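Working through the structure, step by step
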Amino acid sequence: MRLIVNGDDFGFSPGQNLGIIKAHREGILTSTTALANGEYLAEGLEEASRYPGLGIGVHLTLDLGRPVLSPQAVPSLVDERGCFRKHPEHLKIDLDPDQLLLEWTAQIEKIKSLGVMPTHLDGHHHLHLHRDVMRTTLELAERYDLPIRYLPLYHGEAERRLIKEKRIRILHGLADFYGDSVSEDYFLNFASNHDIQEENLFELMCHPAYVDDIIYTRSSYNIHRVKELVILTSEAVQAALTNQNIQLGNVRDFRVNL
């Protein structure tokens, strides 16, 4: 079994950057996805450049912070303050798809302009998989020849057929290392708990971080990020994955087999 351990929200805050780098340097984290509009993206990427084994993708966002483009260019995406509107996952998203394509293209190009060749695409709060914007995600995946994080439970047969028809490469995403499920036991029994037929490559979402003022005041998911960091750098966890014959890597390492 092959496993990509991906730290989301890179660039969000100094504590988030430090946690992801530490989890990579001292633990099992192999990949991250960066927020193009992250206030601390540039300094995070400067530190990440010391670790060529860390894969870096794009964490497409539609509901956090401000757009990369001017609010005037994407009015259907923003509120009266020029910040992204919030979009509950289970509700319809009403926006101009052409404006979304422009903004998400700008986010990918912003990451590239900072010297990163992105490994893959995912989305903040998984909004890249929302049925009202998924066609934009697939268009960008096709244009940039990038795989996407995919959570099968999010969609019905029509969406699965669309992915297959467009021949988009997917990473079988795992979002269950989160909240109350954050524990060493998650990894100690990883292989037996994720024995999904015909799947031997998984991408695990995580958020290891040190809690700083930004995370504490702007994210309801805060203390668990520190707990994640402790577990992802645990020697017992690293030994358990080795004993279960789980191969760690990033998208570049496994690309030939996607």
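Residues numbered from 1 in each chain as written. Predicted model: local features only at pLDDT ≥ 70, side-chain atom pairs only at ≥ 80, totals over all residues. Heavy atoms only, no water.

A word on the side chain of T233. Within the element layout of this structure, T233 appears in the loop between α9 (223–232) and α10 (235–243). Of the polar contacts made by the side chain of T233, one reaches the backbone oxygen of V230; its length is 3.2 Å. Apart from residues no more than four positions distant in its own chain, T233 is found in contact with K22, A23, E26, G27 and Q238. (Helix = DSSP H or I, 4+ residues; strand = E, 2+ residues; numbered from the N terminus. Polar contact = N/O pair within 3.5 Å; in protein donor to acceptor, adjacent residues only side chain to side chain. Contact = heavy atoms within 4.5 Å.)

Along any regular strand the residues' side chains alternate between the sheet's two faces. The buried fraction of strand β3 (residues 55–60) is high, at six of six residues. As judged from the four bridges shared by strand β2 (residues 31–34) and β3, these two strands associate in the parallel manner. Within β3, the position partnered with A34 by the bridge is V58. Between the parallel pair β2 and β3, the chain is carried across by helix α2 (residues 41–48), and the sense of this crossover is right-handed. Pairing between β3 and strand β4 (residues 121–123): three bridges, direction parallel. From the neighbouring strand, H59 faces β4, where its bridge partner is D122. Read from β3 through helix α3 (residues 97–113) to β4, the crossover connection turns out right-handed. (Buried < 20%, exposed > 50% of the residue type's maximum accessible area, 1.4 Å probe, protein only. Pairing = 2+ DSSP bridges. Right-handed = clockwise from strand over helix to strand, strands pointing away.)

This paragraph deals with the packing of helix α1 (residues 14–26) against α9. Put simply, α1 and α9 touch, their axes get as near as 9 Å, and they point 15° apart. By the angle class used here, α1 and α9 are roughly parallel. For the pair α1 and α9, the sense of crossing is left-handed. Contacts between α1 and α9 involve Q16, G19, K22 and A23 from the first element and R225, L229 and L232 from the second. Here the residues of the contact of α1 with α9 sort into three nonpolar, two polar and two charged. (Axes fitted to C-alpha atoms, helices over the stretch in contact; angles between N-to-C directions. Parallel < 35°, antiparallel > 145°, perpendicular 65-115°, else oblique. Left-handed = near helix turned anticlockwise from the far one by under 90°. Nonpolar A, V, L, I, M, F, W, Y, C, P; charged D, E, K, R; others polar.)

The residue P118 is located in the loop between α3 and β4 in this model. With relative accessibility at 13%, the residue P118 sits in the buried group. Once you skip the residues sitting within four places of it in the chain, P118 turns out to touch I56, G57, V58, I111, K112 and L146.

Let's shift gears to the packing of α3 against helix α4 (residues 134–144). For any two helices packed against each other, one specifies the crossing angle of their axes together with the interaxial distance. For the pair α3 and α4, interaxial distance at closest approach is 10 Å and the crossing angle is 40°. By the angle between their directions, the pair α3 and α4 is classed as oblique. Pair α3 / α4 crosses with right-handed handedness. Contacts from P97, L100, L101, W104, T105, I108, E109 and K112 in α3 reach T136, T137, E139, L140, R143 and Y144 in α4. By residue class, the composition of the contact of α3 with α4 is seven nonpolar, three polar and four charged.

The next point concerns α2. Taken residue by residue, α2 has L41, G44, L45 and A48 as its buried positions. The buried residues of α2 all sit within an arc of 95° when viewed along its axis, so they share a single face. Seen from the buried face of α2, the exposed residues on the opposite side, beyond 90 degrees, are A42 and E46. Of the surrounding secondary structure, the elements contacted by the buried residues of α2 are β1 (2–10), α1, β2, β3 and α3. (Arc of directions from axis to C-beta.)

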